[in-house]
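Spelled out from the first residue to the last, the chains are:
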Amino acid sequence: MHRKNNWSSVSNWLGRYGTFSALLIITASFLIFIPNFRSFSNFKALMFQVSMLVIVSAGLTIVFSVGETDISTGAIVSLSGVFAAFLMVKNVSPIFAIVITILGGVILGAMNGIMIGYLRVPALLGTFVTSIIALGINYLLGLGSSIRITKELSGDFYLSLGGGYLLGIPIPFIFAVIITVILLILLEKTKWGLRMYAVGGNREAAVTFGINIRKVKLAAFIISGFCSSIAGLLLSARLGAGSPIGGDAYTLDAIAATFVGVSMFREGEPHIGGTILGVLIMGILVNGMRLLGISYEMQIILRGLFILAAVATAGKRALFRTKLF
Amino acid sequence: MKKYLSILIVVALFVTFLSACKPAVVTTTEPEKTEEVKAKAYTIGVSAQLVAHDWSIRAWEGIQEEAAKHGITVIQLSAGQDPDKQLADIESLIEQKVDGIIVLLAETAVLDQAIQKTTAAGIPVVFVDGGYKAAGVIQNISSDNCQFGEAAAEYIVQQKGEDAKVILQTYPVLEATNLRSECAKAYWAEKYPNVTILEELPILGPEWTADAQAHAEQMMTKYPDIDAFGVCSDLFGIGSSAAVDAANMSDQIMITGVDGLEQIIEKIADPKSSMSLTFLQDSKAMGSAAIVTMKTYLDAGCTIPMTDACKNIVPEAQFIPGIMVTKENAAQYVK
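Residues numbered from 1 in each chain as written. Chains lettered and ligands numbered in written order. Predicted model: local features only at pLDDT ≥ 70, side-chain atom pairs only at ≥ 80, totals over all residues.

A. Highlighting the overall build of chain B. Secondary structure assignment for chain B yields ten helices and 13 strands. Residues counted as buried form 53% of the 335 residues belonging to chain B. For chain B, restricting intrachain contacts to residue pairs at least 6 apart in sequence, the fraction spanning at least 24 positions comes to 74%. (Helix = DSSP H or I, 4+ residues; strand = E, 2+ residues; numbered from the N terminus. Buried ≥ 20, exposed ≤ 12 C-beta atoms within 10 Å, placed from the backbone. Contact = placed C-beta atoms within 7 Å.)

B. Representation of the overall build of chain A. Scanning chain A from terminus to terminus reveals 13 helices and four strands. Residue burial in chain A is summarised as follows: out of 325 residues, 56% are buried. Summarising the internal contacts of chain A: among those between residues at least 6 apart in sequence, 78% fall at separations of at least 24.

C. Layout of the pairing of strand β9 (residues 228-231) of chain B. Residues and elements named next belong to chain B. Residues Ala 228 and Gly 230 of β9 are buried on one face, and the alternating residues Phe 229 and Val 231, pointing to the opposite face, are buried as well. Two elements, strand β7 (residues 165-170) and β9, share four bridges in a ladder whose sense is parallel. Across the sheet, the residue bridging to Ile 167 is Phe 229, located in β9. Bridge analysis of β9 against strand β10 (residues 254-256) gives three bridges, and the strand direction is parallel. Bridge pairing in β10 places Ala 228 opposite Met 254. Regarding topology, helix α8 (residues 234-246) serves as the crossover connection from β9 to the parallel β10, and that connection is right-handed. (Pairing = 2+ DSSP bridges. Right-handed = clockwise from strand over helix to strand, strands pointing away.)

D. Region of interest: the nonpolar core. With 197 residues, the main nonpolar core has Ile55(A), Val56(A), Ile102(B), Val128(B) and Ala290(B) as its most contacted residues. The element contributing the most residues to this core is helix α10 (residues 213-239) of chain A, with 16 residues. The residues that make up this core include at least three from each of domain 1 (37-142 + 283-320) and domain 2 (145-280) of chain B. Apart from residues lying up to four places away in sequence, Ile102(B) is in contact with Ile44(B), Val46(B), Ile63(B), Val126(B), Val128(B), Ala290(B) and Met294(B). (Core = buried A, V, L, I, M, F, W, Y, C linked by C-beta atoms within 7 Å. Domains from an automatic or database assignment.)

E. Structural detail: the domain arrangement of chain B. Residue and element names in this part refer to chain B. In terms of domain boundaries, chain B breaks down into domain 1 (37-142 + 283-320) and domain 2 (145-280). Listed per partner, the contact involves ten residues of domain 1 and nine residues of domain 2. Each residue belonging to the side of domain 1 that touches domain 2 can be placed in one class, and the counts come to two nonpolar, five polar and three charged. (Nonpolar A, V, L, I, M, F, W, Y, C, P; charged D, E, K, R; others polar.)

F. Examining the sheet that holds β10(B) more closely. Residues and elements named next belong to chain B. The strand order across the open sheet built from six strands is β8-β7-β9-β10-β11-β13, with neighbouring strands paired in mixed fashion. Either end of the sheet is taken by a strand with one partner, and the two such strands are β8 (196-202) and β13 (323-326). Across this sheet, the average inter-strand angle for adjacent strands is 15°, counted without regard to direction. In this structure, β10 lies alongside strand β11 (residues 275-280), joined through two bridges in parallel fashion. In the strand pairing of β11, Thr 256 is matched with Leu 277. The strands touched by helix α7 (residues 208-222) within the sheet are β7, β8 and β9, with β7 carrying the most contacts at an inclination of about 155°. (Axes fitted to C-alpha atoms, helices over the stretch in contact; angles between N-to-C directions.)

G. A look at α10(A). Residues and elements named next belong to chain A. Look at α10: 39 Å from first C-alpha to last across 27 residues, which is about the 39 Å you get at 1.5 Å a residue. Within α10, 24 of the 27 residues are buried, leaving the element largely enclosed by the surrounding structure. Downstream of α10 by one or two residues, Gly 240 has phi in the positive range, about 75°. (Expected span 1.5 Å × (residues − 1).)

H. Here's a closer look at the pairing of strand β3 (residues 73-78) of chain B. All names here are of chain B. Buried residues dominate β3, accounting for five of its six residues. Note: strand β2 (residues 43-48) against β3, six bridges, orientation parallel. Looking at β3, one finds that Ile 44 is bridged to Val 74. One crossover worth recording links β2 to the parallel β3 by way of helix α2 (residues 54-70), and it is right-handed.

I. Representation of the packing of helix α7 (residues 171-189) of chain A against helix α8 (residues 191-201) of chain A. Residue and element names in this part refer to chain A. Relative orientation of the contacting elements α7 and α8 amounts to 70°, with a least axis distance of 5 Å. The pairing of α7 with α8 is recorded here as roughly perpendicular in orientation. Touching Leu 186, Leu 187, Glu 188 and Lys 189 of α7 are Trp 192, Gly 193 and Met 196, all from α8. (Parallel < 35°, antiparallel > 145°, perpendicular 65-115°, else oblique.)

J. Representation of the environment of Leu198(B). Residues and elements named next belong to chain B. One can find Leu 198 in strand β8. C-alpha separation for the pair Leu 198 and Gly 71, spaced 127 residues apart in sequence, amounts to 53 Å. With residues near it in sequence (within four places) discarded, Leu 198 still touches Lys 165, Val 166, Ile 167, Tyr 223 and Ile 226.

K. Inspection of the environment of Ile264(B) at higher detail. Residue and element names in this part refer to chain B. Here Ile 264 shows up in helix α9 (residues 262-269). Ile 264 gets classed as buried once you count the C-beta atoms within 10 Å, which come to 28. Counting along the chain gives 109 residues from Ile 264 to Tyr 155, while the straight-line C-alpha distance between them is 17 Å. Setting aside its immediate chain neighbours within four residues, Ile 264 contacts Asp 234, Gly 237, Ile 238, Gly 257, Met 275 and Thr 278.

L. Representation of the packing of helix α5 (residues 145-160) of chain B against helix α6 (residues 175-191) of chain B. All names here are of chain B. Contact pair α5 / α6: the axes reach a minimum separation of 7 Å and the direction vectors enclose 45°. By the angle between their axes, α5 is oblique relative to α6. Considering how the two elements wind past one another, α5 and α6 form a crossing that is right-handed. Packed against α5, whose contacting residues are Asn 145, Cys 146, Phe 148, Gly 149, Glu 150, Ala 152 and Ala 153, the element α6 presents Ala 176, Leu 179, Arg 180, Ser 181, Glu 182, Cys 183, Ala 184, Tyr 187 and Trp 188 at the interface. Here the residues of the contact of α5 with α6 sort into ten nonpolar, three polar and three charged. (Left-handed = near helix turned anticlockwise from the far one by under 90°.)

M. Quick look at the environment of Ala79(B). Residues and elements named next belong to chain B. Among the secondary structure elements, Ala 79 is positioned in the loop between β3 and α3 (83-95). As for Ala 79 and Gly 131, which are separated by 52 residues in sequence, their C-alpha atoms are 19 Å apart. Excluding anything up to four places from it in sequence, Ala 79 contacts Ser 47, Ala 48, Gln 49, Lys 85, Gln 86 and Asp 89.

N. Spotlight on the confidence of the model for chain B. Residue and element names in this part refer to chain B. Across chain B, the average pLDDT comes to 88, with 88% of residues at or above 70. Segment residues 19-38: pLDDT under 50, and 30 contacts once partners within four positions in sequence are set aside and those in other chains are kept. This prediction of the complex comes with two scores: 0.83 for pTM and 0.83 for ipTM. (pLDDT = per-residue confidence, 0-100.)

O. Molecular detail of unusual backbone geometry. Residues and elements named next belong to chain B. Going from Ile 304 to Pro 305, the amide bond is cis rather than trans, its omega being 5°. Within the fold, Pro 305 resides in the loop between α10 (283-299) and β12 (317-319). Even without being a glycine, Lys 97 presents a positive backbone phi close to 55°. Note on placement: Lys 97 falls in the loop between α3 and β4 (100-104). Among the residues examined, Lys 97 registers 12 C-beta atoms within 10 Å and is labelled exposed. The backbone of Leu 105 shows a phi angle near 65°, a positive value even though the residue is not glycine. Tracing the backbone shows Leu 105 in the loop between β4 and α4 (112-120).

And the structure:
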């Protein structure tokens, strides 16, 4: 009985902190075994590489918190980059291009929110429709090619958003920190956040308490669209071009990272902090695999296994909550 | 239990990497017995957009074999067509302090930031199958893709007449494939203005073959009098020719492509197939040439920025000739 209790508490500890432990083990091992991993320049490169995914995943966490999912994030990331580049080629000023593009992301997010919150379309279907529309607009604007963003078009300011530094810190990383802190406060410390968790946790109870489910879901999807458009702008600034396929990988990666974060802080519930850790694990894994020269095909397999682990970790409650399964 | 499983999976994966992973690194302990072996061992990074079709696989083989002859270590990273990933791959190669980088296919529009980084790091770049001019790129190696487009345009006119009706299947994402289509159009506009381009469609993938097939089927329904499909890549040709042949329209419609895939050459050799022309690109020679160029440049003690003394060490561009394969000579190229 005593041994069983000890084993049970160890098991609970590992269950609660397993993902965080995995992150520590992976990072420590890479630091020890891969000399190039521990260089300051690699650390800076890593900050650039994970920033956009952090932003997209943070937005997706908000959607998860209301019990829905969003598979249009990658398409909105791609479209935002192409749209901003398209506008600048048409001599729209960079600032104006940024504002219009963010507005576009918000509109697409609102479209998701209306379909899912008001018209009761299943989230997988609704956000899939949005992703197809975004893809179509994307190809209409760029005809399938990337649109180059030169210094002459955009000035130093725009490109520095994706590749520059402020006080030695990569600018995209600063954006990632600001956005995640704001969303963390929104979700954990405000009434809006409580309502979001309530809607995601128990719809009937939320209705009983007078929460407007439709408005809450609409807000969640608007936030996700906003985050995806910001990430798309930063990505296009980093690449120096609006790429029609630049955001493709973000959809699944953001879902995986958000799932990893589920249950890290509260059983069955998404959490911005957990999501960040999920992004970090993925980013560090990929960075290390690259430095090891591991083949792309093997990286895909391992990413798939990682997603499997994320799903296994999330638990039934989280999976049903997000209505992915 | 599930959480145990996840931890175990992650740790197991990771231990597997460190102990048993096979990185895509080619090293040679001893160079082959050749007089050209130099004492210094270089490490060259290869950033590939994708290594998943014949062309790029042959290019990679050329790189590996030539590197092995010279005792050069090669680190290959493939981006799966993701430009963000390709930029991160190049950053990783810079981090590993390679002596040179070969970019094997890339969308030139997204290369600016990557080449800025390699230039800042003083690492010379050779670009295979694209045209990208920048201070840090010491050479572009490719086939003459414009010449392929013009030759295909001329061949269609020779076979179908000066008032041929043509459908173009394009891939504007890559410089090489874009040049083929654009040069064909410009050639017709200048020399044969009565050639009619009925439609031009970008096939953006990733299901290139299936999409090209579906497109061809739709076009045959829409335009009963098509004379030819001009496709910028043999991957499209596989799909389009399947559609045309299945519709028993190979007597009416011919298809021209580029790349020289084995499957396409076999089709060209088949008198019943609509596939009529391709250009066999020697991508293996391109890969070899990239290593030779890089070695020549580095052996001369050159780096980036390129000094005046280094400007003439290697030419800015190198064209590797392709072979025009038609129904008349396809049999000799069938393997």
